[in-house]
Amino acid sequence: MSTALDIDGLVKNAEVAISAARTTEAIRQVATEVGGKRSPLAEAHRALGALEPEARKELGRLLHEARTTIDALVERRRTEIRFAEMQATMESDRIDLSEFIPGTVRSSPTRGHLHLVSQTRDALEDVFVGMGFEVAEGPDIETDWFNFGALNIPPAHPARGMWDTFYLNLGTPESTLLRTHTSPVQIHLMEAAVVNGGLPIHAVMPGRCYRRDTPDARHLPVFHQIEGLVVDKGITFADLAGTIEVFTTAYFGSDIHSRLRPAYFPFTEPSAEFEVTCTICHGDGCRTCSQTGWIELGGCGMVDPAVFDAVGIDPDQWTGFAFGFGIDRCAQMRHQIADMRALNENDIRFLRQF
Amino acid sequence: MRVPLSWLRDFAPFDGDPAGLGATLDDLGLVVEEIQRVGEGLGDVVIARVDEIALITGADKIRRIVVDAGDGPIEVVCGAWNFEVGDLVPLAPVGAVLPGGFAIGRRKMKGVVSNGMLCSGRELELTDDGEGIMVLNRVEDAHPGQRFTEAMGIETDVVFDIAVEANRPDAWSIAGVARDLAARLGLPFTIPVVDGRASAGVGDEGGSIEALTSVRVDDAELCPRFTARVITGVVVGPSPKWLAHRLSLAGMRSINNVVDASNYVMLELGQPTHPYDLDRLGGGGLVIRRAAQGETIITLDGVVRVLGRPGPGLDDTGEDCLICDAEGTPVGIGGVMGGASSEIGADTTRVLLETAYFVPMAIARTSKRLALRTEASARYERGCDPEGIDRAADRFCELLAMTAGSTASVASGTIDIRGDVPTPVKLAVRASRVNDLLGTGFTASQIAALLDPIGITAEEVRADDEGPDAGVLQVTVPTFRPDIRPAPMGESDIIEEVARTYGYSRLPRRMPAWPQPGRLTVYQRDRRRLKEVLCGLGASEAWTSTFVTDFDQTMSGVDPPYIEVTNPLVESERYLRTSMVPGLVRAVIYNSERRQGDIRLFEVGTVFHYPESPPVDPEDGPPADMSERLCAVFCAEGDDAWTAVAAWHAIAEALAIADWSMLAAGGPTTAVLHAYRSAGLSSVVETPPDEFGITWKPTQLGVVGELDPYIVGSLGLLGRDGRARRVGWLDLDIGILLDRDSVPRKPEVSRPISRFPSSDLDLAFAVDNDIPAGGVERALRRAGGDRLESVELFDVFRGDVVGEGRRSLAFRLRLCSIDHTLNDEELAELRSRCIAAVEKGGKAALR
């Protein structure tokens, strides 16, 4: 066996061959030439058996190193080529999309479906528009002030435990968050109305909300709420109860009614929870309503004077009420959806049902 | 909170149907989540002694048990293995009917006749333990043949499980629930008077409390009131059955007489107390101070707690109230949890009882920082009654004197260090305001009568008939109602109490009316229309996750930083999406895996980008870069970029976009990473000079085309051939698209339709490849002016005939005039004007 085996030269030759490859096919061939069964490297390896143990060990180590280097070079070049080819394909596949000839695209034989949540939201909006409400929206990301502070929930307020909040890496810790309810839209509306002389307000505010709840059959960490706010002269708790009742029968049907019972929300006083006749048993009592005949739907109350104070509305001149409930929950009730998680699985069989 | 009816009856003579009481509690806002009947159906159960246990041939789960229930041996078969010969167990004999209506009959199992059933705690509905039989050896005086209920001190009872609202610390106690309920039912409510000393044994240590211990409060801001009592001669042992049973009904485990007395008082009156072993307190006393930064304590639960460090919460300065012994060693976190070192043990004989008032906000912060929520902290953070302390301490002493042996003796005197505690709120309430807010017609005296039974006194300072300011009540709020604020906010709180005690269900209802019409905004109407167009194209609306992974962000082609959730639900999904593409592709994959992947999906939703500069003022919001977008993916059989282009044409048509243009991706106005067969979409207002001398001002609207196969493949959407599927893609910023100021619509004013015949003109041009067909079309439209009714591309052709680097584009122009039929001359003139416009830049020539 020749002792003049030039491993460095071998690697150099391989390197030249590898960098000369321009196509996937070429690099495949080069890989065989420099590292395959008939490559000088493989032959040198086969010849190892004839050497003295010491020499064999030393040369074996060198060969192994050379093999590692060559393999890495091949792999790198292969990636480069793949990327270049991709770029080239993109360049050559480039088409002028304004060369569109009407009528050449196959139209869909079936109609698509709006998501059930959208349909529910639209239906709720329509009911409220019919009752004289405008529809307002607000951002998903809020500051602590809009989501909590202005709503009479200062930092460390025990009521914050009512909402498990997702905080964001914006500004000082816990200063920015994903809104836990649509109520901050109330603050935006009232602040704008004070600045622009836009009172009275009669608005509903649908939107996406976020709470750090583990998803289960009845809860999703991302969900939808609709909020209502009326600020006007002479508005009373009776107007609130009446509005809830009119909405309930308009949306759920004439045999579904509402009732209020005391509750606590920091941004309303007096506050109430509102329940509607169980849509499953129509009030007779069943498992869904725990035999009570009623299903809890949302919260409501008269706007707390502290909230008016925060936005600069004179509570002796204006009074108001607010209410809020889950859009997804309405969909779940109306369509008897056993597991809420079906709503964001996006199974086309589910989407096409509505 | 679990509230036993029997316990409520200590405070008012409640009777009647439990369901009716439950409904009344509901109507008071003390929402009953469950009504549980306990101890019913246990009348037939007797105590039996196990005399013999034998295996049954051929059975490895059940055994033959011989018991004696006072009348000689009874043979039963039992599947539990947790007892031995000699144990006392509950036996339901043949004929017994257990809770839930389960009737015990004579049964034969594996050839052995079972004459009854040995019962587990769950079968008797007393505990949750359904694994083993209840073993009653430790029950005092229990003996075979005795009635089980008698041995256990069980009486039939009803337990209401009540959800108490966060603002009602007073109602988070048996007495508080009883007060509200009695008020509504018109029953007399009394808290029995106790005298902590009189009810105790005679003090044989002679000394007053000052001789036994000392207390110093160094931080009265965190701990405005601290009281201490000492009970000596205490024998620590089990609580009497009645007390242990009440605790268990209320959901608490019996520990020993000292701890139980403390828990009992907390449940009954809502005031937490903390008993220390006086002999284990260094220096025999207590010092209350603010924890130094980084100071540690081992709490009762054996966990080392580091104190005095500001937490992540807003305005959190890291103040913890520390209870130390007289030598300064921490022995408890004030209002949250005691320390392990001074815990009551079996050998405790002298008890120091702490009953204090801690500042609610400070407790809330400490509890949140340490992630340590206890029965005590939950009550303190809501606000305990600073004036309820003496009664609670007295009640504890009374209970301990009853249960801690004949030597127990309460030392005379109380150490009471009182700083600035809340005082009763006094405010004026206008009867007119009550009625204005509730829509009622209450008189001042009616209002006073509704408030009085819940402990709120209201005195009429001006009578109803004295003019416009008439009917004002001077209201005094007891300190156990910290939820009621001072004036002016407190007036609303009082109004809620009036409504609550009167009954929400009895208040009037009316539908309000106002002159302003209800409506959707133009934007909202257009958004609905946009979605309808997509549905018409066969696309269904999806709802994908807002939370995405690092990988998803990379696939979206957006560079960091991203908006990140600091406390994500799923660790890897910690970013807010910058694009809906990954979510929609995953939705297609989900369906594909169910053999229904030939679909078109769209979503209208918000995407989030890290803001250039976050606002400094927290009231400035919104603090991030958010935009509402429409994203659609077209994955039906045969779909590709052209499907998306057709969709865009349909949208532009439906919204009547005045003018728009399509630019090759990578061109000057698009920044689409991984763009593949895509084009940027722009609305065009004023057109600046392009290759055809036209001036223009584009507004970017989004992208149309095909998703980069690399992204599609990386996300895992593969076709049958194992290669990335082709996905048509449309992504629009609808905040801009639907904004009529940025993106003008076709004029509202109608255009008269010509009554004269039109002429068609076909023009084919050889156009350089780098000139978009849309540019040629625009040039034609411009040249044709108001005589050009329509222009449409109808043929594209590439080949040698056209030449290298060019393609043939054939347009059909329909020409017409509003007031006459165009003559040949006019048509020829229009034709040459159009041709000249296209050929102008030298990049196209008529073929």
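Conventions and cut-offs
- Residues numbered from 1 in each chain as written.
- Chains lettered and ligands numbered in written order.
- Predicted model: local features only at pLDDT ≥ 70, side-chain atom pairs only at ≥ 80, totals over all residues.
- Heavy atoms only, no water.
- Contact = heavy atoms within 4.5 Å.
- Buried area = accessible area lost by both parts, 1.4 Å probe.
- Salt bridge = Lys/Arg side-chain N within 4 Å of Asp/Glu carboxyl O.
- Polar contact = N/O pair within 3.5 Å; in protein donor to acceptor, adjacent residues only side chain to side chain.
- Helix = DSSP H or I, 4+ residues; strand = E, 2+ residues; numbered from the N terminus.
- Nonpolar A, V, L, I, M, F, W, Y, C, P; charged D, E, K, R; others polar.
- Domains from an automatic or database assignment.
- Pairing = 2+ DSSP bridges.
- Axes fitted to C-alpha atoms, helices over the stretch in contact; angles between N-to-C directions.
- Expected span 1.5 Å × (residues − 1).
- Buried < 20%, exposed > 50% of the residue type's maximum accessible area, 1.4 Å probe, protein only.

Draft legend 1. How the structure looks around the interface of chain A and chain B. Counting residues at the interface gives 117 residues for chain A, matched by 125 residues for chain B. Taking both sides of the interface into account, the surface hidden between chain A and chain B amounts to around 9900 Å²; carbon and sulfur atoms contribute 59%. For chain A, the biggest contributors to the area lost against chain B are Leu97, Glu99 and Pro262 of chain A; these three give 7% of the whole. Where chain A touches chain B, the interface holds 15 salt bridges. For Arg807 of chain B, the salt bridge identified is with Glu99 of chain A, shortest N-O distance 2.7 Å. Taken together, chain A and chain B are joined by 48 residue pairs in polar contact (both at pLDDT 80 or more). Among the elements that make up the side of chain A that touches chain B, the one with the highest residue count is helix H8 (residues 237-252) of chain A (8 residues). Grouping the constituent residues of the side of chain A that touches chain B by class yields 55 nonpolar, 28 polar and 34 charged.

Draft legend 2. Molecular detail of the domain arrangement of chain A. Examined at the domain level, chain A breaks down into domain 1 (7-93) and domain 2 (116-351). If you average the C-alpha positions of domain 1 of chain A and of domain 2 of chain A, the two centres end up 66 Å apart.

Draft legend 3. Focus on the sheet that holds strand E12 (residues 157-163) of chain B. Residue and element names in this part refer to chain B. Spatial strand order, E1-E12-E2: 3 strands in an open sheet with antiparallel pairing. Pairing within the sheet leaves two strands with one partner each, and these edge strands are strand E1 (2-4) and strand E2 (31-38). With strand direction ignored, the average angle separating the axes of adjacent strands in the sheet is 25 degrees. Taken together, the 7 bridges between E2 and E12 define a ladder with antiparallel strand orientation. Bridge assignment links Glu34 to a residue of E12, and that residue is Asp161.

Draft legend 4. Geometry of helix H4 (residues 174-185) of chain B. All names here are of chain B. Spanning 12 residues, H4 covers 16 Å between terminal C-alpha atoms, matching the ideal 16 Å at 1.5 Å per step. Burial analysis of H4 places 10 of its 12 residues in the buried class, which makes it a mostly covered element. Every buried residue of H4 is listed here: Ile174, Ala175, Gly176, Val177, Ala178, Arg179, Asp180, Leu181, Ala182 and Ala183. Of the surrounding secondary structure, the elements contacted by the buried residues of H4 are E1, helix H1 (5-8), helix H2 (18-27), E12, helix H7 (257-269) and helix H13 (490-502).

Draft legend 5. Examining the sheet that holds strand E5 (residues 73-78) of chain B more closely. Residue and element names in this part refer to chain B. As summarised here, the arrangement of the 5 strands in space is E5-E4-E3-E6-E11, forming an open sheet in which the pairing is antiparallel. Of all strands in the sheet, those with a lone pairing partner are E5 and strand E11 (116-118), marking the two edges. Pairs of neighbouring strands in the sheet enclose a mean axial angle of 45 degrees, with direction left out of account. In the sheet, strand E6 (residues 88-93) pairs with E11 via 3 bridges, with the strands oriented antiparallel. Note that in E11 the partner of Ala92 across the bridge is Met117.

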